[in-house]
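Architecture and fold: a report
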Amino acid sequence: MLTPKRSLLAIALGMATSMSFAQAADVEVEIERVRTLSADQDQREAVPETIIDLYISMPSIAGLGDSSRVTRLEDDQGKSLLRSDSQLVESHGFDPAESGYLLRHQMVVNSEEGWLRVPVYAPEVPEEGAETGILEMDLTLQVVEGSQQSVVDNLDFSDIPAWGMDIEVAGHIVNCRDERRERPDDQPLELYCFMQEGSLLDAKADGSSTDYEITNDRANLVIEGERTGVDVTFELPVTRTIERSLRREFAWN
């Protein structure tokens with residue numbers, strides 16, 4: 001049987017001494033929830049895992065850089081919850097070490113309000129009786145300093161896969177998904193587009209009206225009329241990066 005454990009712990013992110021006090025006070029990291037799933041001997045299809053939900057707050061935060069990763073996650077009995085081997089691809093469908101143990105596809109960013117949520121994923125669980133854990137991370141935080149527009153021409157939105165279509169925009173990857181796939185012929189087409197490594201500021205198709213009322217709360221791109229040969233103007237953040245290292249202890253229960 002899968003048994004979840006939850007805990008809540010707020011932790012502050014340590015600042016480098018070279019930063020001013022004002023800058024240091026601007027970044028906070030909170031562990032909102034810790035969940036562990038342990039598999040019984042009779043449930044061989046179930047796999048153990050630990051998920052730690054992180055909430056990072058900083059003015060104008062736009063995302064996490066590629067080098068962000070968990071470097072240590074272990075319990076108070078010395079067991080490491082991090083693992084990287086070929087069996088993980090077979091059991092989990094992916095190797096979490098490749099993304100630094102961060103579930104980036106589940107990352108949510110709100111630059112205007114200055115927060116980011118991202119789950120940490122580890123393919124192990126703490127030993128029975130463990131009370132505390134240690135989390136260490138190297139974070140590259142992206143901060144919005146401005147914006148830039150980039151036009152991508154001749155896009156084809158006529159057949160969007162369930163997982164969305166990836167679009168290269170000024171060196172970044174933007175994924176656009178049709179969240180009304182059960183009604184593929186609906187007009188106009190409403191898409192939810194997001195950057196994999198940051199916060200997409202805006203997306204507008206050439207010729208689309210500005211007074212259309214979107215029916216999907218998450219949709220941010222509307223395609224009216226033909227779905228092939230579409231030109232889209234994307235507005236991307238111009239960012240700077242801040243690197244921080246984190247080490248904190250937390251409770252499993």
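Let me begin by describing the structure that accompanies this report. Numbering of residues starts from 1 in every chain and runs along the sequence as written. Predicted model: local features are reported for residues with pLDDT of at least 70 only, side-chain atom pairs are reported and counted for 80 or more only, and whole-chain, interface and lining totals are derived from all residues. Note: side-chain values were computed over all heavy atoms of the structure, leaving out hydrogens and water.

Our next topic: the environment of Val-222. Runs of E in the DSSP output that reach at least two residues are strands. Runs of H or I that reach at least four are helices, and both are numbered from the N terminus. Here Val-222 shows up in strand β13 (residues 221-223). The class of Val-222 is buried, set by a relative accessible area of 11%. Through-space distance from the C-alpha of Val-222 to that of Lys-204 is 7.1 Å; in sequence the pair is 18 residues apart. Buried residues are those whose accessible area, probed at 1.4 Å on protein chains only, stays under 20% of the maximum for their type, while exposed residues exceed 50% and partly exposed ones sit between those limits.

Before going further, it helps to examine the sheet that holds strand β9 (residues 165-169). Paired strands, as defined in this entry, are two strands with at least two bridges between them according to DSSP. A sheet is described by the order of its strands in space; here four strands give the open sequence β9-β10-β11-β13, paired in antiparallel fashion. Edge positions in the sheet fall to β9 and β13, since each has one partner strand and no second. Ignoring strand direction, the axes of neighbouring strands in this sheet form an average angle of 35 degrees. Looking at chain direction, strand β11 (residues 189-195) and β13 are connected through three bridges and run antiparallel. Of the residues in β13, the one forming a bridge with Leu-191 is Leu-221. To get an axis, a line is fitted to the C-alpha atoms, and for a helix only the part in contact is used. The angle between two axes follows their N-to-C directions and goes from 0 to 180 degrees.

Further remarks concern the environment of Pro-96. On the secondary structure map, Pro-96 appears in the loop between α2 (86-92) and β6 (108-110). Residue contacts are counted whenever heavy atoms from the two residues lie within 4.5 Å of one another. Not counting residues up to four positions away in its chain, the partners in contact with Pro-96 are Leu-88, Tyr-101, Tyr-121 and Pro-123.

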